[in-house]
Amino acid sequence: MGGNKRIFPTMDTLKGMLKSYEAWVASNPDVVGDFETTAKWVSYFIAGRISSSNVVSELVYTLSNMLVFYNDRIIDRARNAKENSVLRLQSKLCYRLKVTLTTLEYSEVFIEISARRLFGQTGKWLVIALIQVFKAAGRLFILRHSTSDIITSPPIASLNRRALGKQRKGAAAEVPPANDDVNLMQSQHSITFQLKRSGRIIRKVEGAPPIQYRDFKLHVENTEAAKTQIPRELLTAEYLYISKPLIHLAAMGLFGRRSWKQYMVALSMDLYSIHLYRQRRHLMSKQQKLELSRRCINLMYFLVRSPFYENYTQSRLERLLDLLARTVPMAKMVAGPLKDYIPQWQSTYFYLWST
């Protein structure tokens, strides 16, 4: 009995500490951001300095990303904005799937490194294949059963802490405006709901405003949500992009990791998906255009991916680092270790099967 009495206060204490931490994060997002940045830099300093440094540094980096993600969710709930809107506009299952995919994306490299250490190359590639199959299935499910019009990477993006800080300061400085009867009536009575299967926005009967205030239009926020449904013409481009990792993995199995054929398969699929989007740019939402811009920038990664890296980029990059080490004062302290670590980073991070 005495043992049981000791357990419950400990659990209560842990819960209290967790609530205190969440309250502190919600009220001090800037300080939290500085701590998160420090944790990420620790992983860079660990690399190459201790045995098994790639595993340890990747673990630290993964935990730092997970901490950022967890803190973002705390800040999000405290703001009562995005979290509530997500749960209102899509099913809880889709949101939980997004959380799972985001968590998997942050920890994916660590899982691959650990699988190689524990099970060898065969186990590593089996784990990679399972991860990519799950990610592709999850992305397809989200695309079909939520209001997301394009799959971002990660599915739940990090919050912009600076923008949130400016909004908070601006809101504190603003004086609440005088109540407007019409706006108040509209905000009180513009009540809508979304059908789960079709995604159609419907206004409730009791949500209709008095006849003198009716405009027979849906609430602006919900109308925007309806507009973000992906047009049928763009589904092919997104399906192609989602399936690219699986097709590329199959090409690697057929032609080899350092074959130009598997490289061109992945590059061609990315280029064709972007081409399909650009052909129908007038149908794209703002979110789709932003994500398409990110994908265009990510094409630069093909410069440091095998076999292009070994045949073209590596020698030129090494000559550049040697030149900086000889001509720029103090640059040798950075260029030397960077030259040693780049091959390991290239083989670990700049792979083609993940998007």
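This is a predicted model, so every value here is computed, not measured.

Definitions and cut-offs
- Residues numbered from 1 in each chain as written.
- Predicted model: local features only at pLDDT ≥ 70, side-chain atom pairs only at ≥ 80, totals over all residues.
- Heavy atoms only, no water.
- Patch = residues over 30% accessible without salt bridge, like charges linked within 9 Å, V, L, I, M, F, W, Y side chains within 5 Å.
- Areas by Shrake-Rupley, 256 points an atom, 1.4 Å probe, with all protein chains shown as cover.
- Salt bridge = Lys/Arg side-chain N within 4 Å of Asp/Glu carboxyl O.
- Helix = DSSP H or I, 4+ residues; strand = E, 2+ residues; numbered from the N terminus.
- Buried < 20%, exposed > 50% of the residue type's maximum accessible area, 1.4 Å probe, protein only.
- Polar contact = N/O pair within 3.5 Å; in protein donor to acceptor, adjacent residues only side chain to side chain.
- Contact = heavy atoms within 4.5 Å.

K.L.:
It is not clear to me how a nonpolar patch on the surface should be interpreted in this structure. Could you clarify?
P.N.:
On the surface, a cluster of nonpolar side chains totalling about 310 Å² of accessible area is made up of L320, L323, L324 and V328. Locating L320 in the fold gives a position in helix α12 (residues 308-327). A residue is classified by how much of its surface remains accessible, and L320, at 44% relative accessible area, is partly exposed.

K.L.:
Before we go on, may I ask you to explain the side chain of T62 in this structure?
P.N.:
Relative to the assigned elements, T62 resides in helix α3 (residues 53-79). One polar contact links the side chain of T62 to the main-chain carbonyl oxygen of E58, over a distance of 2.7 Å. Setting aside its immediate chain neighbours within four residues, T62 contacts Y106, S107 and F110.

K.L.:
Would you take a moment to explain the pattern of salt bridges for this structure?
P.N.:
For the structure shown, the criterion picks out nine salt bridges. A salt bridge links R258 to E310, with the nearest nitrogen and oxygen atoms 2.4 Å apart. Taken together, the positions of R258 in the loop between α9 (232-255) and α10 (260-279) and E310 in helix α12 put the pair 52 residues apart, joining distant regions of the chain. Between E291 and R294 there is a salt bridge, and its shortest N-O distance comes to 2.6 Å. With a gap of three residues between them, E291 and R294 both fall in helix α11 (residues 286-298), about one helical turn apart. With a relative accessible area of 23%, R294 lands in the partly exposed category. Salt bridges sharing partners connect three or more residues here, namely E238, E291, R294 and R295.

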